[in-house]
Amino acid sequence: MKSSAHAFLLCLTLLGASFSLRAADTPAPATAPYLLAGAPSFDQSISQFREAFNRDNPTLPLEEFRAIDSARDTPTLTRAASKINENLYASTALERGTLKIKSMQITWLPIQGPEQKAAKAKALEYMSAILRAFTPPLTKTQSQQKLQKLLAAGKNKHYHAETEGAIRYVVADNGEKGLTFAVEPIKLALSDTLGGAN
């Protein structure tokens, strides 16, 4: 009995060491850009955004965003979320104090059964509307096509990002665990250069 307990503990120790070694070989996930010090924000506060979004998308309402207590928050960042329905959420990272948007996300938690198709269609409507809210020149059809292209590029990838002008689009496809689409502002190299020249 004593020898089998000893063998079991030895196996656990070796298994733990194996996981540690494997973890050391795997690069640590990069910090989300909007969490970095000095990350840009959009010009709108979350309340201005929500008011404009609800006006422009009367069939896709966003309720008030509520602050989320998070250990990952920093002295310059606040997180907030708004529940759309049981499997669809909007969340945001905000500049503390001004409540300007640093990242806006829609997350869909897949459901099984006959409602899945309709639930996914509703999630895609919200994602497309968020894309359009930050890229106003796009028509509804263009924003849907762009979203489909982004989702296809991010399919089965933990993280996929594409930059267009001053905006970064991010797709995080976690399969059965959920799908997140985010829009984030980025600094343009030209504006950084001009700012340094003054």
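Residues numbered from 1 in each chain as written. Predicted model: local features only at pLDDT ≥ 70, side-chain atom pairs only at ≥ 80, totals over all residues. Heavy atoms only, no water.

1. Re the overall build of the protein chain
Helix and strand counts for the protein chain stand at five helices and seven strands. Along the protein chain, helices and strands appear, N-terminal first, in the series α-α-β-β-β-β-α-α-β-β-β-α. Out of the 198 residues in the protein chain, the part that is buried amounts to 34%. Expressed as a percentage of contacts within the protein chain between residues at least 6 apart in sequence, the contacts between residues at least 24 apart total 41%. Summing over all exposed atoms, the protein chain offers an accessible surface of approximately 12400 Å²; the carbon and sulfur share of this is 59%. (Helix = DSSP H or I, 4+ residues; strand = E, 2+ residues; numbered from the N terminus. Buried < 20%, exposed > 50% of the residue type's maximum accessible area, 1.4 Å probe, protein only. Contact = heavy atoms within 4.5 Å. Areas by Shrake-Rupley, 256 points an atom, 1.4 Å probe, with all protein chains shown as cover.)

2. Looking at helix H3 (residues 116-134)
Taking 1.5 Å per residue, 19 residues should reach 27 Å; H3 reaches 27 Å between its end C-alpha atoms and fits that length. Every buried residue belonging to H3 is among Ala119, Ala123, Leu124, Tyr126, Met127, Ser128, Ala129, Ile130, Leu131, Arg132 and Phe134, and all of these are buried. (Expected span 1.5 Å × (residues − 1).)

3. Things to note about the sheet that holds strand S7 (residues 179-185)
Ordered in space as S1-S2-S3-S4-S7-S6-S5, the seven strands form an open sheet in which the pairing is antiparallel. Whereas interior strands pair on both sides, the edge strands pair on one side only; in this sheet they are strand S1 (66-68) and strand S5 (160-164). Each neighbouring strand pair of the sheet contributes to a mean axis angle of 25°, computed without reference to strand direction. As judged from the five bridges shared by S5 and strand S6 (residues 167-173), these two strands associate in the antiparallel manner. Bridge pairing in S6 places threonine 163 opposite arginine 168. Set on the sheet, helix H2 (residues 46-56) makes contact with strand S3 (88-95) and strand S4 (101-108); between it and S4 the angle comes to about 50°. (Pairing = 2+ DSSP bridges. Axes fitted to C-alpha atoms, helices over the stretch in contact; angles between N-to-C directions.)

4. Quick notes on the confidence of the model for the protein chain
Mean pLDDT for the protein chain: 79, with 73% of residues reaching 70 or above. Note on residues 1-29: pLDDT under 50 across the span, and zero contacts to partners over four residues away in sequence or across chains. (pLDDT = per-residue confidence, 0-100.)

5. Overview of the layout of surface pockets
Roughly 290 Å³ of volume is contained in the second largest pocket. Trp108, Lys120, Lys155, Asp173 and Leu179 are, among the 16 residues lining the second largest pocket, the residues nearest its centre. A total of four residues in the lining of the second largest pocket trace back to one element, the largest contributor, which is helix H4 (residues 140-154). Per-class residue counts for the lining of the second largest pocket are seven nonpolar, five polar and four charged. (1 Å grid on protein atoms, 1.4 Å probe; cavity = no way out; pocket = protein on both sides within 12 Å on 5 of 7 lines; lining within 4 Å. Points joined across faces, edges and corners; volume = space filled by probe spheres on them. Nonpolar A, V, L, I, M, F, W, Y, C, P; charged D, E, K, R; others polar.)

6. Concerning the nonpolar core
When a protein is soluble and globular, its nonpolar side chains tend to lie buried together. The biggest cluster of nonpolar side chains holds 33 residues, and the ones touching the most others in it are Phe49, Phe134 and Phe181. Elements that contribute at least two residues to this core include exactly H2, S3, S4, H3, H4, S6 and S7. Looking at which element gives the most residues to this core, the answer is H3, with nine residues. (Core = buried A, V, L, I, M, F, W, Y, C linked by side-chain atoms within 4.5 Å.)

7. Some points on the pattern of salt bridges
Within this structure, the stated rule accounts for five salt bridges. Residue glutamate 86 is joined to lysine 83 by a salt bridge in which the shortest nitrogen-to-oxygen separation is 2.9 Å. (Salt bridge = Lys/Arg side-chain N within 4 Å of Asp/Glu carboxyl O.)

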